[in-house]
There are 2 protein chains.
Amino acid sequence: MAFNMVAGHAKWPKVNDAIFGLAAKAKEAIDKYGKENVIDSTLGALVDDKGDLICLNTVYQELKSMPDAAIAAYAQVAGQPDFLETVPNICFGKYRPDAHIRAVATPGGTGSVRHSIYNYTEPGDSILISDWFWSPYITISEEYGRKATTFELFNSKNEFNMESFKEKFEELLNKQKRLVTILNTPANNPTGYSLSDEEWDEVLNLAKENAKDPENRIIIVVDCAYIDYAGIGDERRKFFAKFSGLPKNILIIAAFSMSKGYTMYGMRSGAAICISSDEEIAEEFYYSCLHSNRANWSNGTRAAMEIMTRIAKDPEKTKAYEAEVKEAKMMLRKRADAFVKGAKEAGLEILPYRDGFFVSIPCKDAKKASDELIKENLFVVALKKGLRFAVCAVSEEKCKTAPAIIKKVLDRIE
Amino acid sequence: MAFNMVAGHAKWPKVNDAIFGLAAKAKEAIDKYGKENVIDSTLGALVDDKGDLICLNTVYQELKSMPDAAIAAYAQVAGQPDFLETVPNICFGKYRPDAHIRAVATPGGTGSVRHSIYNYTEPGDSILISDWFWSPYITISEEYGRKATTFELFNSKNEFNMESFKEKFEELLNKQKRLVTILNTPANNPTGYSLSDEEWDEVLNLAKENAKDPENRIIIVVDCAYIDYAGIGDERRKFFAKFSGLPKNILIIAAFSMSKGYTMYGMRSGAAICISSDEEIAEEFYYSCLHSNRANWSNGTRAAMEIMTRIAKDPEKTKAYEAEVKEAKMMLRKRADAFVKGAKEAGLEILPYRDGFFVSIPCKDAKKASDELIKENLFVVALKKGLRFAVCAVSEEKCKTAPAIIKKVLDRIE
């Protein structure tokens, strides 16, 4: 047997990030065949029709005109006070729940998901996620000796599968007496699904029913990384208001990210925002996350926090920023519409898309499908249950034609 | 008993960062009595004689002239390939050890200390640190259910206490069969001590002696966050060359930080760099840290990595950058000399200072001493075993006069 230096829990297979590997292959194809002949739908970042990363002007003008010291100085461990005051306003918009709200800065949304999983589960516990999931939920869980159980996101009518959610939710909660479940909505990665307000009511009714047992502890993490690209106006923020006046053994944690909404993927900023009817539980959350911040990355990227607060404080800048985001959202909407229409015309089955960066195509052997599609110069990420097509990364024109190519390949191999 | 939502291991006291609290009080005093009448020695960042944070021009010009997309894009999970290639050169200088070297980007040095502790200890293990320590070593250990044992950093002659180090080292290793020990050198925080090359030989001889038992696993973390402000020229990097050809059950991890050397505290960048004679163990380190990156913060601050590689690639920029760092180092040296001389003249006992941002003053009741010094408008951080005076934050003039003020207060209260 090989000699290990790492501890048992920290030994991991030699696996590199599959998406970056595929993106590198796409780049090779572009160099060889030309941009116009390749569809690169790998990375989850917003690019324009020429294939260039979209970087909001309002954001980068702010960064580049900021005094050096505002970038250089350490931020406070929990985050800068004005950032922590601003971030719930940005996240909830008009729909701030009537509750005790505390925020802690984290590197992107990942950091807040990490805090939620590590601080709110016991070793060996299972978290609950949908069967179409963002794979780092698994990475975080296994890093800390936690497991993940999945429910079926969709029923046979392609609606949110409340039955499956309820079954797994109660099964785990009865066993563990505490449950962290992550709902990646609105604009789910990888499906583009968004829970409707009625579906949120059902989820909360289930939670409230189970909260009647005072020994049950229910933690619902709302991973809303893509919220700025969801719905028309503020409609996809309405559900936040439903978190008012919940029983104290239901805690909501919003995992907020600046990566997409501010096009600052590489700046690593976001926040964990707790919503509780109980002040003591909100305080407990704050000090637990504060400890975790100090113990993992010390403090967050100061410049990113400054950018948010400087824009938020200035109505003119806010207006310009919002206009830029709206434009990007419209572009995304057109691309997704083109893909959905193309899929219909080609007879390609896709999952119900409502918002955001991705559309998913269920298929039996996704790895094989992705490999075959490479031969067609179409690069798409293979998931467990299907393919993830990133409309955020592909022009409207190509979104129109991609479904027929995918359909042809799936027909050939299935 | 209060109702908790967090899991047992994640419940922490409501304690805010003491240093930030003290810094806020210093700011109040400055507003009230004027800058010239207050000595604010709280924060661990380099400020000029006017009290302004030093931000290296070469660094911030690079950031502000960089294309937005180089800042906005996600970095790879392990870090950008050119950064990972450059960072060992920057860290080791001319003294690169002959060994298998792998690097992974982390947020500041904290992230790499986190990876070292979490991935290389078993739950319940104790790490070994000196009795003058940077407090996050404790925070990280307790976050993960690890303990910390201290050895005495100095013997009665104020030299590195090899006897105490050996005793605790062997005691823990015999019990645990694996040991992570952190040596914060050169330019130790809080004492300013740097292990001499001869002391390093003794440390490595002890490790090699104990490595003869093939079941022992020895991990030495070199926290070198302040290395750029240590010694004359490259002399304080020489010890890195000693890590060539070690037995395979001794692993060295350098916790490298860009916070101080690049004056980018708030940008959160650094690296964990492993040094092993065994390729397989270096690979294991890489994939273990890669998993931990993904599971905690996903990826690092892209712009900071870009800044390092862009400067390193360009000889002119490198020259300008090094000149700026050298100037800051000379300023620091003059301040420390003034403090050490002032202490001698005032008869104030201090720990042996060699390099870096801080000087420490041993005393019985540090909290009381710090409180009393506030009344003298001198703000200094209380540690377990004494006071930490930040020469990085105080002008040469004030470094000269501070020791007598401290001496007077200590005489009064002790």
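Residues numbered from 1 in each chain as written. Chains lettered and ligands numbered in written order. Predicted model: local features only at pLDDT ≥ 70, side-chain atom pairs only at ≥ 80, totals over all residues. Heavy atoms only, no water.

Scanning chain A from terminus to terminus reveals 13 helices and 11 strands. At 21 Å, chain A has a C-alpha radius of gyration in line with the 22 Å of a compact globule built from 414 residues. Counting only C-alpha atoms and orienting by the principal axes, one finds that chain A spans roughly 60 × 55 × 55 Å. A burial count over chain A gives 61% of its 414 residues as buried. A sequence separation of at least 24 residues applies to 74% of the contacts in chain A between residues at least 6 apart. If you sum the accessible surface of chain A, you get close to 15600 Å²; carbon and sulfur atoms cover 50% of it. Averaged over its 56 positive side-chain charges, chain A has a centre that lies 3 Å from the centre of its 59 negative ones. (Helix = DSSP H or I, 4+ residues; strand = E, 2+ residues; numbered from the N terminus. Rg over C-alpha atoms; globule rule 2.2 N^0.38 Å. Buried < 20%, exposed > 50% of the residue type's maximum accessible area, 1.4 Å probe, protein only. Contact = heavy atoms within 4.5 Å. Areas by Shrake-Rupley, 256 points an atom, 1.4 Å probe, with all protein chains shown as cover. Lys, Arg positive; Asp, Glu negative; His and termini not counted. Charge placed at Lys NZ, Arg CZ, Asp CG, Glu CD.)

Turning next to the sheet that holds strand β10 (residues 378-382) of chain A. By way of backbone hydrogen bonds, the strands of a sheet pair with one another, either parallel or antiparallel. All names here are of chain A. The strand order across the open sheet formed by 4 strands is β1-β10-β11-β9, and the pairing between neighbours is mixed. The two strands at the open ends of the sheet, each matched to only one other strand, are β1 (39-41) and β9 (358-362). This sheet shows a mean twist of 35° between the axes of neighbouring strands, independent of strand direction. Relative to β10, β1 is paired through 3 bridges, and the arrangement is parallel. Looking across to β10, one finds that Asp40 is bridged to Phe379. Contacts from helix α12 (residues 366-375) reach β10 and β11 (386-390) within the one sheet, and its direction differs from that of β10 by about 165°. (Pairing = 2+ DSSP bridges. Axes fitted to C-alpha atoms, helices over the stretch in contact; angles between N-to-C directions.)

Mapping chain A onto chain B calls for a rotation angle of 180° and an axial translation of 0.0 Å; the resulting RMSD is 0.0 Å. In symmetry terms, the pair is related by a two-fold rotation axis. Among all residues of chain A, the one whose C-alpha sits closest to the rotation axis is A:Lys64, at a distance of 2.7 Å. (Least-squares fit on C-alpha atoms with pLDDT ≥ 70 in both.)

Before going further, it helps to examine the sheet that holds strand β10 (residues 378-382) of chain B. Residues and elements named next belong to chain B. Within the open sheet, the 4 strands sit side by side as β1-β10-β11-β9. Their pairing is mixed. The strands lining the two open edges of the sheet, one partner per strand, are β1 (39-41) and β9 (358-362). On average, each strand axis in the sheet is tilted by 35° relative to the strand beside it, whichever way the strands run. Where β9 and strand β11 (residues 386-390) come together, 5 bridges link them in antiparallel fashion. Paired with Phe358 across the two strands is Ala390, which belongs to β11. On top of the sheet, helix α1 (residues 18-33) reaches β1, β10 and β11; it is set at about 175° to β10, its chief contact.

Moving on, we get to the pattern of salt bridges. Counted by the stated rule, this structure contains 60 salt bridges over all chains. B:Glu284 serves as the salt-bridge partner of A:Lys11, at 3.3 Å between the closest nitrogen and oxygen. Here the residue A:Lys11 occupies a position in the segment before α1 (18-33), and B:Glu284 occupies one in helix α9 (residues 279-296), the pair thus bridging two chains. Judged by relative accessible area, which is 6%, B:Glu284 ranks as buried. (Salt bridge = Lys/Arg side-chain N within 4 Å of Asp/Glu carboxyl O.)

The interface of chain A with chain B comprises 86 residues on the first partner and 86 residues on the second. Between chain A and chain B, a total of about 7300 Å² is buried, with carbon and sulfur atoms accounting for 57% of that surface. Ranking the residues of chain A by area buried against chain B places A:Phe3, A:Met5 and A:Tyr74 at the top, with a combined share of 11%. A:Asp68 is the salt-bridge partner of B:Lys64, the closest N and O atoms lying 2.8 Å from each other. Run the count over chain A and chain B and you get 65 residue pairs in polar contact (both at pLDDT 80 or more). Mapped by element, the contributors of at least two residues to the side of chain A that touches chain B are α2 (57-65), α3 (68-72), α5 (108-120), α6 (136-143), β6 (217-223), β7 (250-257) and α9 (279-296) of chain A. The biggest single contributor to the side of chain A that touches chain B is α9(A), with 13 residues. Across the side of chain A that touches chain B, the residue classes tally to 43 nonpolar, 23 polar and 20 charged. (Buried area = accessible area lost by both parts, 1.4 Å probe. Polar contact = N/O pair within 3.5 Å; in protein donor to acceptor, adjacent residues only side chain to side chain. Nonpolar A, V, L, I, M, F, W, Y, C, P; charged D, E, K, R; others polar.)

Here we take up the packing of aromatic side chains. Under the criterion given, the structure shown has 46 aromatic pairs over all chains. With 6.2 Å between their ring centres and 75° between their planes, B:Phe240 and B:Phe243 make a pair best called edge-to-face. For the pair formed by B:Phe240 and B:Phe243, the shared burial category is buried. An aromatic cluster of three or more residues is present, and its members are A:Phe92, A:Trp200, A:Phe239, A:Phe240 and A:Phe243. Lying across the ring of B:Tyr286, B:Arg102 places its NZ or CZ 4.4 Å from the centre. In this arrangement the basic side chain of B:Lys260 is found over the ring face of B:Tyr226, its NZ or CZ atom lying 4.8 Å from the centre. (Phe/Tyr/Trp six-rings, centres within 6.5 Å; stacked < 30°, edge-to-face > 60°. Lys NZ or Arg CZ within 6 Å of the ring centre and 35° of its normal.)

Our focus in this paragraph is the pairing of β11(A). Burial within β11(A) is extensive, with 5 of its 5 residues counted as buried. Adjacent in sequence and paired antiparallel, β10(A) and β11(A) are bridged by 3 residues.

Another aspect to go through is α12(A). Residue and element names in this part refer to chain A. Looking only at α12, the buried set comprises Ala366, Ala369, Ser370, Glu372 and Leu373. On an axial view of α12, the arc spanned by its buried residues comes to 165°, and they lie on one face. Facing away from the buried side of α12 by over 90 degrees, the exposed positions are Lys367 and Lys375. Summarising the contacts, the buried residues of α12 are in contact with α1, β10, β11 and α13 (396-413). After α12 finishes, the residue Asn377 shows a positive phi value of roughly 60°. (Arc of directions from axis to C-beta.)

Here the focus is the state of the cysteines. Scanning all chains against the criterion turns up 0 disulfides over all chains. Looking at the unpaired A:Cys363, the closest cysteine sulfur is the one in A:Cys399, lying at 18 Å. Judged by its relative accessible area of 10%, A:Cys363 falls in the buried class. In this structure B:Cys91 is a free cysteine whose sulfur lies 4.0 Å from that of B:Cys224, the closest cysteine sulfur available. (Disulfide = S-S within 2.5 Å.)

Outside of glycine, negative phi angles account for most residues, and trans bonds account for most peptide bonds. The peptide bond linking A:Thr185 to A:Pro186 adopts the cis configuration, its omega dihedral lying at 0°. With respect to the helices and strands, A:Pro186 occurs in the loop between β5 (178-183) and α8 (197-211). A cis amide bond links B:Asn189 with the next residue in sequence, B:Pro190, at an omega value of 25°. Structurally, the position occupied by B:Pro190 is in the loop between β5 (178-183) and α8 (197-211). The phi dihedral of A:Thr263 is positive, around 45°, even though this residue is not glycine. Position of A:Thr263 relative to the elements: it lies in the loop between β7 and β8 (270-276). Judged by its relative accessible area of 0%, A:Thr263 falls in the buried class.

A word on the packing of helix α12 (residues 366-375) of chain B against helix α13 (residues 396-413) of chain B. What describes two packed helices is the angle between their axes and the distance between those same axes. Residues and elements named next belong to chain B. Orientation of α12 relative to α13, taken along the N-to-C sense of each, is 120°, at an axis distance of 10 Å. In terms of their interaxial angle, α12 and α13 are classed as oblique. Considering how the two elements wind past one another, α12 and α13 form a crossing that is right-handed. Of the residues in α13, those touching α12 at Lys368, Ala369, Glu372 and Leu373 are Ile405, Ile406, Val409, Leu410, Arg412 and Ile413. By residue class, the composition of the contact of α12 with α13 is 7 nonpolar, no polar and 3 charged. (Parallel < 35°, antiparallel > 145°, perpendicular 65-115°, else oblique. Left-handed = near helix turned anticlockwise from the far one by under 90°.)

Residue and element names in this part refer to chain A. Split by domain assignment, chain A resolves into domain 1 (8-56 + 318-413) and domain 2 (74-315). In this structure, domain 1 and domain 2 have C-alpha centres spaced 26 Å apart. At the interface, 33 residues of domain 1 touch 33 residues of domain 2. Carbon and sulfur atoms supply 56% of the area that domain 1 and domain 2 bury against each other, a total of about 2800 Å² over both sides. At the boundary of domain 1 and domain 2, one finds 3 salt bridges. (Domains from an automatic or database assignment.)

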